[in-house]
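What the coordinates show
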Amino acid sequence: MNNTKRRMDLVLLPIVLLAAFLNGYGIWNDQYANSYYTTAVGSMLSNFHNFFYASLDSAGSVTVDKPPVVFWIQTAFAYVFGLRGWSVILPQVLAGIGSVLLIYFMVKPTYGLAAARISALAMATVPVVAAVSRTNNIDSMLVFTLLLGSWFLFKGSKQGSTWRILVAFGLIGVAFNMKMLQAYMILPAFYLLYLLAFQAKWRRKIILLIGSTAVLAVVSLSWAVTVDSIPEDERPYIGSSETNSVMELAFGYNGLARLTGQQNTAGNAGMPNGMGQGNNRGNREDLSSDPNQTGSGVPGAGQDVNAPDNDNTNGSNGLNTMGGMNGPNGNFPSGQMPNVIEMPNGRNFGGGMGGMFGTGEKGPLRLFQTELSGQASWLLPVVLLGCIAIFAGLRRRNITNKHKEALFWLAWLLPVAAFFSVAGFFHQYYLIMLAPPIAALTGAGFVAMWKSYRDRDGWQAWLLPVSLLLTTLFGWYIMQVYNDTIGAGWSISELIAGILITVILVVILHRTHQWKQGFIIAGFMVMLIGPIYWAFTPITYGGNSMIPAAGPTGSNGMVGGARMGMPMGNGAGDTEMPAMGGRGGMGNRNEEVDTATLNYLKEHNTGETYLFATTDYNQAAPYIIDEKASVITLGGFSGSDPVYTTEELEQLVKSGQVKYFMVGGMGGRGGNSEISDWIKEHGTEIPTSEWQTGTDSGSTDNGDTGNRAGFGFGGQTTLYEVKL
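A brief report on the enclosed structure follows.

So, how was this worked out
Residues numbered from 1 in each chain as written. Predicted model: local features only at pLDDT ≥ 70, side-chain atom pairs only at ≥ 80, totals over all residues. Heavy atoms only, no water. Helix = DSSP H or I, 4+ residues; strand = E, 2+ residues; numbered from the N terminus. Buried < 20%, exposed > 50% of the residue type's maximum accessible area, 1.4 Å probe, protein only. Contact = heavy atoms within 4.5 Å. Areas by Shrake-Rupley, 256 points an atom, 1.4 Å probe, with all protein chains shown as cover. Core = buried A, V, L, I, M, F, W, Y, C linked by side-chain atoms within 4.5 Å. Patch = residues over 30% accessible without salt bridge, like charges linked within 9 Å, V, L, I, M, F, W, Y side chains within 5 Å. Salt bridge = Lys/Arg side-chain N within 4 Å of Asp/Glu carboxyl O. Pairing = 2+ DSSP bridges. Axes fitted to C-alpha atoms, helices over the stretch in contact; angles between N-to-C directions. Expected span 1.5 Å × (residues − 1). Arc of directions from axis to C-beta. Polar contact = N/O pair within 3.5 Å; in protein donor to acceptor, adjacent residues only side chain to side chain. Parallel < 35°, antiparallel > 145°, perpendicular 65-115°, else oblique. Nonpolar A, V, L, I, M, F, W, Y, C, P; charged D, E, K, R; others polar. Phe/Tyr/Trp six-rings, centres within 6.5 Å; stacked < 30°, edge-to-face > 60°. Lys NZ or Arg CZ within 6 Å of the ring centre and 35° of its normal. Left-handed = near helix turned anticlockwise from the far one by under 90°.

The helix and strand inventory of the protein chain stands at 28 helices and seven strands. For the protein chain, buried positions account for 60% of its 724 residues. At a minimum sequence separation of 6, the contacts of the protein chain that also span at least 24 residues come to 69%. Accessible area of the protein chain: about 26,800 Å², with a carbon and sulfur share of 59%.

Set out below in structure tokens:
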């Protein structure tokens, strides 16, 4: 018992509690979380077919745009606790806490207790970690899995354990089945540490390396190959893919397209309202043949939403109703997003398609730009100078575990940082991939600088006060942009405190002073003022369940988490874009269950399997989540996946499986016009007064009720009854 108590680190407990608070406080207020994924979990609860494929809708007709492992875990939690926003968020909360613990236990054996504590605290307070871990997005679970694999790799390399190495690479394969190629970003670090640290003869080392790579490949591709080998008419359409293939989704939309920014014509699944291409998937023509074509994504000013000839050959017109963001001819040429868009506050969000989400301009300093720096970059100066301290004493014949593990973390950090510096399409919350190496190197590097300072080790002794000064200046640079929101006191106080402690450390460098250690600890805490404030912002300012990001602007807009005053209409109006919050959590443009609609559909159901079908998954979401209703989505996330042909739709109706169809809302964002035209041609429009709350025939309330009733972000919803 005494030995157990001696091994317990009581300092770790408040760090874990802080992580739990940042990740979990208030998640019970988020009813739908990211409704795209929560809707899939609701569908997956209904049967094994939907569960295995991670089907978006009740009919098992289309999958979400990611592999299923995280959704399997969320479904298990929803099965135990019921389908609620907090129940699908809880796994990510636990994963975020687990990541803090893993960093602690990975750093401690080599760098010591102080470094482990600092690394754990740094990991807990990386703002993007807190922002992502309190949603049902995949990335928190992905990072935990990668860290778990890294822990097995560390253990296996030190002990020469074959099975631990195999498990480590197998876990990377599991992570691939969470978010595909993003999991492979740390493979350079894995191979490097294995070759440097695994204790075995080279023959055994090479054989095990080949075997581990084989395990990685088998586990990674197991689900993809299984699904792709099943006939297409016996499985769902692979959401946001071009060729109805998981492999193509992995290496296309979720792979190379993230780097180049050239999104496929299928989903634009990260793009609200079908920004970008969003073509008619039923008519796979070359979209670039006529850059001046207009589309039926979301009609522009003066465009008839019901016009029969309104074919969708370029859905980039989807921004027309928001005004001012169109190309010279009313759309983006060839479906491409503009490189730089000027926001109302004068800041530019550039970088190709990624720029629409506040990811700054491509270049080597992208992670230091205002748009991204607040997410994970605060402690990069400490990392840089700390690595200098770690490697300062490196000799060819004296490569220690400290050097090897620092190389591992650098081989994780540098490729990931390089990718995000040049990538064309990503969201701010992807930067959670930077958090583990930054946290680990912060702890290891700060302690190395601390020792050099304490020992007055020549020029190396100056690294600690210089790192404090640079980190303080960088923190001020990040915070001062938001002085109008948070007050200038935060940035100025942090700057003054940092400079003051730096001066003190310089003055007492060559003296023996009883408060020297206290000033060093105080200096580190000053460096954490900015990250901690930013980590609390999803709680204090509101978060974004769809595209989470930290920062005091709040995350209830669609561009980089910043709320925008973007003009609506034809660009001449001053109306602000509505906040995308509500019961589904900030960031979702959710419908809500309209009791009048629900009652009408139930009363007029004559034995059909599905309550209704819709071109917009947002309309299906509350009915699947709250009412456990069976609903069909006709086009995946974007509304443009070719899930059904008109012949298949006709068969569904004739077989008595569905007769009501909702068309419109956000579904106009690049939806399949052939399907919509077929519904309009063969269906009878139901007067809104019969099925919508608070509407009269021929009119739609533009207030909250209308939003609930179906006059959504993209346009008015129409209900059709189709009888054949």
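We now examine the nonpolar core. Ranked by size, the top nonpolar core spans 162 residues in total, and within it Trp-409, Trp-412, Met-433, Phe-446 and Ile-679 carry the most contacts. Not counting residues within four places of it along the chain, the set of residues in contact with Phe-446 comprises Ile-118, Val-382, Leu-441, Leu-464, Ile-520, Phe-524 and Met-527. In terms of nonpolar packing, the next biggest core, distinct from the first, is built from 16 residues, Val-593, Leu-611, Val-631 and Tyr-660 among them.

What follows deals with a nonpolar patch on the surface. On the surface, a nonpolar cluster with roughly 670 Å² of combined accessible area is contributed by Trp-462, Val-466, Leu-469, Leu-470, Leu-473, Ile-499, Val-503, Val-506 and Val-507. For the nonpolar patch, the secondary structure elements donating two or more residues are helix H18 (463-480) and helix H20 (488-507). Relative to the assigned elements, Leu-469 resides in helix H18.

Okay, the side chain of Thr-125 next. Position of Thr-125 relative to the elements: it lies in the loop between helix H7 (113-124) and helix H8 (127-133). Among all residues touching Thr-125, those that are not within four sequence positions of it are Leu-18, Leu-528, Pro-531, Ile-532 and Ala-535.

Let us now look at the sheet that holds strand E6 (residues 683-685). An order of E4-E3-E5-E7-E6 is seen for the five strands of this open sheet, with the pairing classed as mixed. Of all strands in the sheet, those bounded by a partner on one side alone are strand E4 (631-633) and E6. Averaged over neighbouring strand pairs, the angle between their axes works out to 30° when direction is ignored. Bridge analysis of E6 against strand E7 (residues 718-722) gives three bridges, and the strand direction is antiparallel. When the bridges of E7 are listed, Thr-684 appears paired with Glu-721. Packed onto the sheet, helix H26 (residues 673-682) meets strand E5 (660-663), E6 and E7 and runs at close to 65° relative to E7.

The first and last C-alpha atoms of H20 sit 29 Å apart over 20 residues, in line with the 28 Å expected at 1.5 Å per residue. When H20 is considered as a whole, its buried residues turn out to be Ser-491, Glu-494, Leu-495, Gly-498, Ile-501, Thr-502 and Leu-505. The buried side chains of H20 occupy one side of the element, clustering within an arc of 145° when seen end-on. Turned more than 90 degrees away from the buried face of H20 sit Ile-496 and Leu-500, all of them exposed. The inward-facing, buried residues of H20 abut helix H17 (435-454), H18, helix H19 (483-486), helix H21 (516-527) and helix H22 (529-540).

To continue, consider unusual backbone geometry. Residues other than glycine seldom take positive phi values, yet Ala-33 does so here, at roughly 55°. Relative to the elements of secondary structure, Ala-33 occurs in the loop between helix H2 (12-24) and helix H3 (35-44). A relative accessible area of 0% means that Ala-33 is categorised as buried. Positive phi values are uncommon outside glycine, yet Ser-240 reaches one of about 70°.

It is worth spelling out the pattern of salt bridges at this point. Close approach of charged atoms allows side chains with opposite charge to pair. Under the definition given, this model contains eight salt bridges. A salt bridge links Lys-66 to Asp-65, with the nearest nitrogen and oxygen atoms 3.4 Å apart. A salt bridge links Lys-654 to Glu-650, with the nearest nitrogen and oxygen atoms 2.8 Å apart. Of this pair, Lys-654 and Glu-650 both sit in helix H25 (residues 646-654), four residues apart, which is roughly one turn of the helix. The exposure class of Glu-650 is partly exposed, given its relative accessible area of 28%.

What follows deals with helix H13 (residues 246-260). In this model H13 runs 20 Å from its N-terminal to its C-terminal C-alpha over 15 residues, within 8% of the 21 Å that 1.5 Å per residue would give. The backbone nitrogen of Met-247 lies 3.3 Å from a side-chain oxygen of the residue at the head of H13, namely Ser-245. One or two steps after H13, the chain reaches Gly-261, where phi turns positive at roughly 80°.

At a minimum axis distance of 8 Å, the contact between H2 and H22 shows a crossing angle of 40°. By the angle between their axes, H2 is oblique relative to H22. Seen from H2, the contacting residues are Leu-18, Phe-21 and Leu-22; seen from H22, they are Ala-535, Phe-536 and Ile-539. Residue composition of the contact of H2 with H22, by class: six nonpolar, no polar and no charged.

Time to look at the packing of aromatic side chains. Considering all chains together, one arrives at 42 aromatic pairs under this definition. Between Phe-169 and Phe-190 the ring centres are 5.5 Å apart and the planes differ by 85°, which places this aromatic pair in the edge-to-face class. Taken as a pair, Phe-169 in helix H10 (residues 162-179) and Phe-190 in helix H11 (residues 187-197) lie far apart in primary sequence, 21 residues in all. Three or more aromatic residues joined by ring pairs make a cluster, and in this case those are Phe-154, Phe-169, Phe-190, Tyr-191, Phe-408, Trp-409 and Trp-412. Directly above the ring of Tyr-430 sits Lys-179, whose terminal nitrogen or CZ lies 3.6 Å from the centroid. Between Arg-258 and the ring centre of Tyr-253, over which it is positioned, the NZ or CZ distance is 4.6 Å.

It is worth spelling out the pairing of E7 at this point. Counting buried positions along E7 yields five of five residues, so the element is predominantly enclosed. Sheet topology places E5 next to E7; four bridges connect them, and they run antiparallel. Following the sheet pairing, Tyr-660 is matched in E7 by Glu-721.

In the contact formed by helix H6 (residues 85-111) and H17, the axes pass within 10 Å of each other and the chain directions differ by 30°. Here H6 lies roughly parallel to H17, going by the angle between them. For the crossing formed where H6 meets H17, the hand is right-handed. Packed against H6, whose contacting residues are Ile-103, Val-107 and Tyr-111, the element H17 presents Pro-436, Ala-440, Ala-444 and Val-447 at the interface.

Turning to the environment of Gly-636, a few remarks are in order. Looking at the element boundaries, Gly-636 is found in the loop between E4 and H25. A residue is classified by how much of its surface remains accessible, and Gly-636, at 1% relative accessible area, is buried. Each C-alpha atom, one on Gly-636 and one on Asp-57, is 8.5 Å from the other, the two residues being 579 residues apart in sequence. When near neighbours in sequence (up to four residues on either side) are disregarded, Gly-636 contacts Leu-56, Val-62, Tyr-617, Asp-641 and Val-643.

Residues Tyr-660 and Met-662 point to one face of E5 and Phe-661 and Val-663 to the other, with burial holding for every one of them. As defined by bridge partners, strand E3 (residues 612-614) adjoins E5 across two bridges and the pair is classed as parallel. Its bridge partner lying in E5, Thr-614 is registered against Met-662.

Time to look at the environment of Pro-68. The topology assignment puts Pro-68 in the loop between helix H4 (48-53) and helix H5 (69-81). Residue classification places Pro-68 among the buried residues on the basis of a relative accessible area of 1%. Between the C-alpha atom of Pro-68 and that of Phe-52, which follows or precedes it by 16 residues, the distance is 7.3 Å. The contact partners of Pro-68, leaving out residues within four places of it in the chain, are Phe-52, Ala-54, Asn-177 and Trp-223.

Read these as geometric descriptors, not functional statements.
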